[in-house]
Amino acid sequence: MPTFKDMVRQHPDNVNYGLLGYPVLQAADIVLYKSDIVPVGIDQAPHIEFAREIVRSFNYRYNTKVLIEPQVKAY
């Protein structure tokens, strides 16, 4: 996550769960509703890619296709 890396560089003494936890919750919100296309600004594309990585990892680990990889529709 670019934002996480930037924040760690800028504030090495203030690294907290919120920096990585929020994107995980955002990915859960997308996957929960089985969204296959997510309209986002181009600046949010890394968050969608993060969600895609979580979905791929889950589907591979449990040998299933139950979760749908969301695609970006940039605005």
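Our subject is the structure that appears above.
**Student:** Which residues make up the overall build of the protein, and what values go with them?
**Tutor:** Assigned secondary structure in the protein consists of three helices and two strands. Starting at the N terminus and ending at the C terminus, the protein contains elements arranged as α-α-β-α-β. Judged by the C-alpha coordinates and their principal axes, the protein covers about 40 × 30 × 15 Å. Taking all 75 residues of the protein together, 24% fall into the buried category.

**Student:** Give me the packing of aromatic side chains: which residues, what numbers.
**Tutor:** A complete count under the given rule lists one aromatic pair for this structure. Taking 4.9 Å as the distance between ring centres and 45° as the angle between the ring planes, the aromatic pair formed by F58 and Y62 counts as tilted. Exposure remark for Y62: the relative accessible area of 53% places this residue in the exposed category.

**Student:** Help me get a handle on helix α2 (residues 17–32), residues and values and all.
**Tutor:** Residues spaced three or four apart along an α-helix point in a common direction, a consequence of the helix completing one turn every 3.6 residues. Helix length check: α2, at 16 residues, gives a terminal C-alpha distance of 22 Å against a target of 22 Å (1.5 Å per residue), a fit within 8%. Where α2 is buried, its residues meet β1 (37–40) and α3 (45–61). Downstream of α2 by a residue or two, K34 has a phi angle that is positive, lying close to 55°.

**Student:** Describe the environment of K65, listing the residues and the values that go with them.
**Tutor:** Structurally, the position occupied by K65 is in the loop between α3 and β2 (71–74). Through-space distance from the C-alpha of K65 to that of R52 is 13 Å; in sequence the pair is 13 residues apart.

**Student:** Give me the lowdown on α3, citing residues and values where you can.
**Tutor:** With 17 residues, α3 extends 24 Å from end C-alpha to end C-alpha; this agrees with the ideal 24 Å at 1.5 Å per step. All of the buried residues in α3 are A45, H47, I48, F50, A51, R52, V55 and N59. Two residues or fewer after α3 comes N63, characterised by a positive phi angle close to 50°.

Calculation criteria
- Residue numbers restart at each chain and count upward from 1, following the sequence in its written direction.
- Only residues with pLDDT of at least 70 get local features here, since the model is predicted, and only at 80 or more are side-chain atom pairs given and counted; chain-wide, interface and lining totals rely on the full set of residues.
- Hydrogens and water molecules were not included; the side-chain quantities draw on all heavy atoms of the structure.
- Counting from the N terminus, the helices are DSSP H or I runs at least four residues long and the strands are E runs at least two residues long.
- Whether a residue is buried, partly exposed or exposed follows from its accessible area with a 1.4 Å probe, protein chains only, as a fraction of its type maximum: under 20%, in between, or over 50%, in that order.
- Two aromatic rings from Phe, Tyr or Trp, using only the six-membered ring of Trp, form a pair when their centres are within 6.5 Å; if the ring planes differ by under 30 degrees the pair is stacked, by over 60 it is edge-to-face, and anything between is tilted.
- One less than the residue count of a helix, multiplied by 1.5 Å, gives the span that helix is expected to have.
- The criterion used for residue contact is that any of the two residues' heavy atoms lie within 4.5 Å.

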